[in-house]
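These are the residues of each chain, in order.
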Amino acid sequence: MNMRAKKSLGQNFLNAPHVVQKMLDAPGIVKGDYVVEVGPGKGVLTEALLVRGAIVLCYELDERMVEYLQEKYDAYINSGQLTIIHQDILELDLEKELPRRPYKVV
């Protein structure tokens, strides 16, 4: 996928494997953890979370990325391991709209 980052959305695409590993290890993400991912972009971290066995809830503002992620991770969406929400997380009522269970944010 060759999509340019939209600087108006503050996008920067993650592509360094060692950084992804640190982002998984820092909060101690393990199989079964519920993870809220803010701005998954092209899904590099999303994929690592899914492979590790996390249950992932993504908030993505860019419609192009939402469509891309829905196509790329269709099997995970159908299994219930991944949910993608097309919304700016800054517009959420965090107390009402985020999970009522323990979760980690990446």
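For the structure itself, consult the block above.
Here we summarise the structure given alongside this text. (Residues numbered from 1 in each chain as written. Predicted model: local features only at pLDDT ≥ 70, side-chain atom pairs only at ≥ 80, totals over all residues. Heavy atoms only, no water.)

### Here we look at the pattern of salt bridges
Selection rule: Here, a salt bridge means any Lys or Arg side-chain nitrogen found within 4 Å of an Asp or Glu carboxyl oxygen. Put simply, DSSP marks the helices as runs of H or I at least four residues long and the strands as runs of E at least two long, and each gets a number from the N terminus on. Each residue is assigned to one of three classes by its accessible area relative to the maximum for its type, calculated with a 1.4 Å probe on protein chains only: buried under 20%, partly exposed between the two thresholds, exposed over 50%.
Evaluated as defined, the whole model comprises five salt bridges. The partner of K72 in a salt bridge is E47, and the shortest N-O contact between them spans 3.6 Å. Taken together, the residues K72 in helix α3 (residues 63–72) and E47 in helix α2 (residues 44–52) connect sequence positions 25 residues apart. When the shortest N-O distance is used, the salt bridge between D62 and R64 registers 2.7 Å. For D62, a relative accessible area of 2% gives the class buried.

### Focus: the pairing of strand β1 (residues 34–38)
Spelled out, the test is: The rule for pairing is simple: two strands pair if DSSP sees at least two bridges between them. Note on handedness: a clockwise path from strand one over the helix to strand two, with the strands aimed away from the viewer, defines a right-handed crossover.
Burial analysis of β1 places four of its five residues in the buried class, the great majority of the element. In the sheet, β1 pairs with strand β2 (residues 55–60) via five bridges, with the strands oriented parallel. Counterpart to V38 in the pairing with β2 is Y59. In this view, the connection linking β1 to its parallel neighbour β2 by way of α2 has right-handed handedness. Pairing between β1 and strand β4 (residues 104–105): two bridges, direction parallel. Paired with V36 across the bridge in β4 is V105.

### As for the nonpolar core
Going by this rule: Among buried residues, the Ala, Val, Leu, Ile, Met, Phe, Trp, Tyr and Cys ones that are joined through side-chain atoms within 4.5 Å form a nonpolar core. Any two residues having at least one pair of non-hydrogen atoms within 4.5 Å are treated as being in contact.
Counting 17 residues, the largest nonpolar core has L24, I29, L49, V56 and L82 as its most contacted members. For this core, the secondary-structure elements that each account for two or more residues are α1 (17–25), α2, β2, α3 and β3 (82–86). Among the elements that take part in this core, α2 stands out by supplying four residues, more than any other. Contact partners of I29, with chain neighbours within four places excluded, come to M23, L24, V35, L49, R52, A54, K104 and V106. Ranked by size, the runner-up nonpolar core spans seven residues in total, among them Y34, L57, Y59 and I89.

### Considerations on a nonpolar patch on the surface
What counts here: Residues forming no salt bridge and having over 30% relative accessible area are the ones grouped into patches, like charges within 9 Å of each other and nonpolar side chains (Val, Leu, Ile, Met, Phe, Trp, Tyr) within 5 Å. Per-residue and other accessible areas follow the Shrake-Rupley method at a 1.4 Å probe size, with only the shown protein chains counted as cover for residues.
Taken together, V38, Y103 and V105 make up a surface patch of nonpolar side chains, about 240 Å² in accessible area. Tracing the backbone through its elements, the reader meets Y103 in the loop between α5 (94–97) and β4.

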